[in-house]
Amino acid sequence: MRVGRTRDGFYVEDTGPGIPENERDDVLDSGYTTKREGTGFGLAIVKRIVEAHGWEIYVTEGSDGGARFEIIGVAQS
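Here the structure is a predicted model, which means the values were calculated and not measured.

Each value, and the rule that gives it
- Residues numbered from 1 in each chain as written.
- Predicted model: local features only at pLDDT ≥ 70, side-chain atom pairs only at ≥ 80, totals over all residues.
- Heavy atoms only, no water.
- Core = buried A, V, L, I, M, F, W, Y, C linked by side-chain atoms within 4.5 Å.
- Buried < 20%, exposed > 50% of the residue type's maximum accessible area, 1.4 Å probe, protein only.
- Helix = DSSP H or I, 4+ residues; strand = E, 2+ residues; numbered from the N terminus.
- Contact = heavy atoms within 4.5 Å.
- Salt bridge = Lys/Arg side-chain N within 4 Å of Asp/Glu carboxyl O.
- Phe/Tyr/Trp six-rings, centres within 6.5 Å; stacked < 30°, edge-to-face > 60°.
- Pairing = 2+ DSSP bridges.
- Axes fitted to C-alpha atoms, helices over the stretch in contact; angles between N-to-C directions.

Draft legend 1. Spotlight on the nonpolar core. Ranked by size, the top nonpolar core spans ten residues in total: Ile19, Val27, Leu28, Val50, Trp55, Ile57, Val59, Ala67, Phe69 and Ile71. Taken together, the elements giving at least two residues each to this core come down to strand 3 (56-61) and strand 4 (67-72). Take this core: its biggest share by element is three residues, from strand 4. The residues contacting Phe69, other than those within four sequence positions of it, are Phe10, Tyr11, Val12, Ile19, Leu43, Ile57, Tyr58 and Val59.

This is how it looks when you write it as structure tokens:
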């Protein structure tokens, strides 16, 4: 896992398999899971925390092909 700064926020990325581009918007929705026993709450909670601070979150591809979550608007808060 890697954490770093951006111009107006920060990112968290990993080196796992990544998130397919057509699923990136969905993974932040409550109830979204890829595991039978999953709840789908994890990333939805992250999204709510980010939004409660007035920030934005985007899902993209990490530098090593894994998932990257960019949180922006932090410097403006």
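Picking up where we left off.
Draft legend 2. Broad picture of the pattern of salt bridges. Taken as a whole and judged by the stated rule, the model has five salt bridges. Of the charged contacts in the structure, one is a salt bridge between Arg24 and Glu61, with a shortest N-O distance of 3.9 Å. Of the two residues, Arg24 is situated in the loop between strand 2 (9-13) and helix 1 (42-52) and Glu61 in strand 3; the sequence distance between them amounts to 37 residues. Bridged by salt links that share partners, the residues Arg2, Glu13, Asp64, Arg68 and Glu70 form one connected network.

Draft legend 3. Expanded view of the side chain of Arg24. A relative accessible area of 15% places Arg24 in the buried class. The residues touching Arg24, leaving out its near neighbours within four places in the chain, are Ile19, Val59, Thr60 and Glu61.

Draft legend 4. A look at the packing of aromatic side chains. Summed over all chains, the structure comprises one aromatic pair. Residues Phe10 and Trp55 carry aromatic rings whose centres are separated by 6.3 Å and whose planes lie at 90° to one another, so their mutual orientation is edge-to-face. Taken together, the positions of Phe10 in strand 2 and Trp55 in the loop between helix 1 and strand 3 put the pair 45 residues apart, joining distant regions of the chain. Using a relative accessible area of 29% as the deciding quantity, one classes Phe10 as partly exposed.

Draft legend 5. View of the sheet that holds strand 2. Here we have four strands laid out as an open sheet, ordered 1-2-4-3, and antiparallel in their pairing. Only two strands of the sheet have a single neighbouring strand rather than two, namely strand 1 (2-6) and strand 3. Direction aside, neighbouring strands of the sheet carry axes that sit 20° apart on average. Sheet topology places strand 2 next to strand 4; five bridges connect them, and they run antiparallel. By the bridge assignment, Phe10 is partnered in strand 4 with Ile71. Packing against the sheet, helix 1 makes contact with strand 3 and strand 4, and its axis sits at approximately 135° to strand 3.

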